[in-house]
Amino acid sequence: MNALGVPFIMFAGIYVSPEHSLLIENRMIVASSIMNGETIYQDEECTEVEYYHVECRDHCAIYANGILAESYFDANNRYVFDRVSDILYKMA
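Residues numbered from 1 in each chain as written. Predicted model: local features only at pLDDT ≥ 70, side-chain atom pairs only at ≥ 80, totals over all residues. Heavy atoms only, no water.

We now examine the overall build of the chain. Secondary structure assignment for the chain yields zero helices and six strands. For the chain, the succession of helices and strands along the chain, N to C, is β-β-β-β-β-β. Within the chain, the proportion of its 92 residues that are buried is 23%. Taking contacts inside the chain between residues at least 6 apart in sequence as the whole, the part at least 24 apart equals 47%. Element-wise, carbon and sulfur atoms account for 53% of the exposed surface of the chain, whose accessible area totals about 7,200 Å². (Helix = DSSP H or I, 4+ residues; strand = E, 2+ residues; numbered from the N terminus. Buried < 20%, exposed > 50% of the residue type's maximum accessible area, 1.4 Å probe, protein only. Contact = heavy atoms within 4.5 Å. Areas by Shrake-Rupley, 256 points an atom, 1.4 Å probe, with all protein chains shown as cover.)

Rendered as structure tokens:
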């Protein structure tokens, strides 16, 4: 089991924003709510972040480094991106 209790091995560590959700036991769980300080933690040494968003026709879970993570959900927050064209559009 990995740090999330998932019975398979992640391909590599995964970084998500604190408000990003992961699908665990058929529920979307916000990353900040499952931090344990050891295997799941806020990386205080990280000084730069580059996000990649995958938007599907419907908000869904997609595999990211071996775990199910939520796809981009447009909550009227596209303005936070430098360029909307930076969002990777993918039709499910």
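It is worth spelling out the pairing of strand β5 (residues 67-70) at this point. Taken together, the four bridges between strand β4 (residues 61-64) and β5 define a ladder with antiparallel strand orientation. Residue pairing in the sheet places I62 in a bridge with A69 of β5. (Pairing = 2+ DSSP bridges.)

All right, on to unusual backbone geometry then. Of note in the backbone geometry, E25 takes a positive phi value of approximately 50° without being a glycine. Structurally, E25 is set in the loop between β1 (21-24) and β2 (27-30). The exposed category is assigned to E25, whose relative accessible area is 73%.

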